[in-house]
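Chain by chain, the residues run as shown.
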Amino acid sequence: MRDVNDPLETRLAQRLADLRTAAGWSLDELAAQTGVSRATLSRLERGESSAGAGVLNRLCAAYGLTLSRLLAEVESAPMRLLRAADQPQWTDADSGLTRHLRCPPLAGFATELVEIHLASGSALDYDRPPVVGLEQHLLMQAGRLRLTLEGQAQELRAGDSLSYRVHGASRFEALGTTPARYLLALTVPGAR
C-alpha cells in the first residue's frame, strides 16, 4: 500500500490516468498492450498502490515515454515561479518581432504563454502551423492587429480576444502607427 500523503505518488497516479485517457484506451486495452492486469492498472490510477520499476517500464513503453521522462514530469513541482527578469526574450529585427516567453512549456502542462510585440507595419507569414490543430487564445494589449487564418481576416484592437485552432497558413500584421502588442496562449493538442 502506498503512502497517501506522498505528493509524488499522487501526481504519478494522476499522470498515469491522464496518459491512458489521452491515448483513448480503456483499462482493458492498456492491460492487453502491457501485460499488466486491469485490476493493477485501476489501483495504480486511483493511487491505491505503487508501481514497481517493471510495471512502470511496461507502461512507459506503451506510451512511448522513457521512465526518466515520466518521473521528471511528476517530480516537477506543481508550480514554477519565473521572475520577469528570467523570462526568455527573443528578437528578430528583420521581421520587427520581439517574443517574450512569459510562461515557458513545463513538463506535465499543455499550455505556454508568450507576449508578442510586432513593430508597426510589420507582418509575419506562416505557411503552416508547427503543430496542426494548435489551440491559440490571443488577447490584444495595445495597437491593432490583422490576423488572417486560412484566408479569413479578423482585425483586433486593445482588449479584443480571439480563440482559434491553426490548421493552415496564418498571417499576423501590425496595423496603424504603433506596435501591436498581444498575449498568446498556445496549447498543443493531446499534450501533457
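Peer 1: Go over the side chain of Gln136 with me, naming the residues and quoting the values.
Peer 2: Topologically, Gln136 is positioned in strand S5 (residues 134-142). By relative accessible area, Gln136 is classed as buried at 8%. Within the local environment of Gln136, its side chain forms a polar contact with the side chain of Tyr164, the two groups lying 2.7 Å apart.

Peer 1: Please set out the environment of Gln14 residue by residue, giving values where relevant.
Peer 2: Its place among the elements puts Gln14 in helix H1 (residues 7-23). Of the residues examined, Gln14 reaches a relative accessible area of 44% and is grouped as partly exposed. On a C-alpha basis, the gap between Gln14 and Ala62 in space is 17 Å, while along the polypeptide they are 48 residues apart. Only 2.7 Å separates the side chain of Gln14 from the side chain of Asp18, close enough to count as a polar contact.

Peer 1: Mind laying out the packing of aromatic side chains, listing which residues take part and the relevant values?
Peer 2: Considering all chains together, one arrives at 3 aromatic pairs under this definition. Between Trp25 and Tyr63, the aromatic rings sit 5.5 Å apart at their centres with planes inclined by 20°, giving stacked as the arrangement. Residue Trp25 is located in the loop between H1 and helix H2 (27-34), and its partner Tyr63 is located in helix H4 (residues 53-63); the two are separated by 38 residues in the primary sequence. An angle of 10° between the planes, with centres 6.0 Å apart, marks the rings of Phe172 and Tyr182 as stacked. Of the two residues, Phe172 is situated in strand S9 (residues 170-175) and Tyr182 in strand S10 (residues 180-187); the sequence distance between them amounts to 10 residues. The same class applies to Phe172 and to Tyr182, which are both buried. Taken together through their ring pairs, the aromatic side chains of Tyr126, Phe172 and Tyr182 make up a single cluster.

Peer 1: Outline the sheet that holds strand S4 (residues 123-126), listing residues and values.
Peer 2: Here 4 strands make up an open sheet; going across it, the order is S4-S9-S6-S7 and the pairing antiparallel. Every interior strand has two partners, whereas the edge strands, S4 and strand S7 (152-157), have only one. Here the average twist between neighbouring strands, direction ignored, is 15°. The sheet contact formed by strand S6 (residues 144-149) and S9 spans 6 bridges and is antiparallel. Note on S9: the bridge partner recorded for Thr148 is Arg171.

Rules behind the numbers
- Residues numbered from 1 in each chain as written.
- Predicted model: local features only at pLDDT ≥ 70, side-chain atom pairs only at ≥ 80, totals over all residues.
- Heavy atoms only, no water.
- Helix = DSSP H or I, 4+ residues; strand = E, 2+ residues; numbered from the N terminus.
- Buried < 20%, exposed > 50% of the residue type's maximum accessible area, 1.4 Å probe, protein only.
- Polar contact = N/O pair within 3.5 Å; in protein donor to acceptor, adjacent residues only side chain to side chain.
- Phe/Tyr/Trp six-rings, centres within 6.5 Å; stacked < 30°, edge-to-face > 60°.
- Pairing = 2+ DSSP bridges.
- Axes fitted to C-alpha atoms, helices over the stretch in contact; angles between N-to-C directions.

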